[in-house]
Amino acid sequence: MAKLKEEPALEFSLDVKSGVPFYKQIIFQVEMAIADGRLEKGAQLPTVRSLAVDLSINPNTVARAYAEMEIRNIVVTQQGSGTFISDKKVTLDAIERERILSQITKEYLTKASSYGFTLAEIQQVIEDLGAEAQKNEGTV
């Protein structure tokens, strides 16, 4: 049974402390979403203006990300219609995915522990949120 996609399968977020330019973070998030199947060929990305507003960044930054993705043939822009995922296959190997998850987790643990949360408390919240997410996926 086909899964209906009412909302874009990608929620963009930027890490101001990572040192990675915002436009590169946007590109990488799109590549990850294509590689893991959250974004498929023909999926429409948000407009430059709407994504800039959502992320509270300059529209030129989003435009730069979209332009670079178009040069790489990751997206196709149709004047007046929007920006869409192309048919180019994007893959990330297991080592790269593990590196990304490790970096995200390290940042999360560092921040949570700076607020005094114990590892046991953090694990419990992750388990609770994971169970809630699985329950919500089953109801769609």
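Residues numbered from 1 in each chain as written. Predicted model: local features only at pLDDT ≥ 70, side-chain atom pairs only at ≥ 80, totals over all residues. Heavy atoms only, no water.

### Details of the nonpolar core
Counting 22 residues, the largest nonpolar core has Ile26, Val30, Leu39, Leu45 and Met69 as the members making the most contacts within it. Of all elements in the fold, only helix H1 (22–35), helix H2 (48–55) and helix H3 (59–71) reach the threshold of two or more residues within this core. Looking at which element gives the most residues to this core, the answer is H1, with 6 residues. Setting aside chain neighbours within four positions, we find methionine 69 in contact with Ile27, Val30, Leu45, Ile74 and Val75. (Core = buried A, V, L, I, M, F, W, Y, C linked by side-chain atoms within 4.5 Å. Buried < 20%, exposed > 50% of the residue type's maximum accessible area, 1.4 Å probe, protein only. Helix = DSSP H or I, 4+ residues; strand = E, 2+ residues; numbered from the N terminus. Contact = heavy atoms within 4.5 Å.)

### A word on the layout of surface pockets
Here the largest pocket defines a volume of roughly 1000 Å³. What lines the largest pocket is a set of 28 residues, among which Asp15, Gln25, Gln29, Ile104 and Glu107 lie closest to the centre. Elements with a minimum of two residues in the lining of the largest pocket: H1 and helix H4 (94–114). The dominant element in the lining of the largest pocket, judged by the number of residues it contributes, is H4, at 8 residues. Looking at the lining of the largest pocket residue by residue, the class counts come to 11 nonpolar, 6 polar and 11 charged. (1 Å grid on protein atoms, 1.4 Å probe; cavity = no way out; pocket = protein on both sides within 12 Å on 5 of 7 lines; lining within 4 Å. Points joined across faces, edges and corners; volume = space filled by probe spheres on them. Nonpolar A, V, L, I, M, F, W, Y, C, P; charged D, E, K, R; others polar.)

### A few points about the confidence of the model for the protein
Of the residues in the protein, 91% reach a pLDDT of 70 or more, and the chain-wide mean stands at 86. By mean pLDDT, H4 is the weakest element of the protein at 84, and H3 is the strongest at 96. (pLDDT = per-residue confidence, 0-100.)

### So, the pattern of salt bridges
Side-chain pairs of opposite charge can arise whenever the charged atoms involved come near each other. Counting across every chain of the model gives 3 salt bridges. The salt bridge involving glutamate 68 is made with arginine 72; its shortest N-O contact spans 2.6 Å. A cluster of three or more residues bridged by salt bridges with shared partners is formed by Glu31, Glu68 and Arg72. (Salt bridge = Lys/Arg side-chain N within 4 Å of Asp/Glu carboxyl O.)

### Details of the side chain of serine 86
Relative to the helices and strands, serine 86 is located in the loop between strand E2 (82–85) and H4. Engagement of the side chain of serine 86 in a polar contact is seen with the backbone oxygen of asparagine 73, the distance being 2.5 Å. Sequence-distant contacts of serine 86, defined by excluding residues within four places in its chain, comprise Lys41, Asn73, Ile74, Val75 and Val76. (Polar contact = N/O pair within 3.5 Å; in protein donor to acceptor, adjacent residues only side chain to side chain.)

### Topic: a nonpolar patch on the surface
On the surface, Tyr108, Leu109, Leu119, Val125, Ile126 and Leu129 cluster together to form a nonpolar patch covering roughly 530 Å² of accessible area. Broken down by secondary-structure element, the contributors of at least two residues to the nonpolar patch are H4 and helix H5 (119–138). A total of 4 residues in the nonpolar patch trace back to one element, the largest contributor, which is H5. The topology assignment puts leucine 109 in helix H4. Overall, leucine 109 belongs to the partly exposed group, its relative accessible area being 31%. (Patch = residues over 30% accessible without salt bridge, like charges linked within 9 Å, V, L, I, M, F, W, Y side chains within 5 Å. Areas by Shrake-Rupley, 256 points an atom, 1.4 Å probe, with all protein chains shown as cover.)

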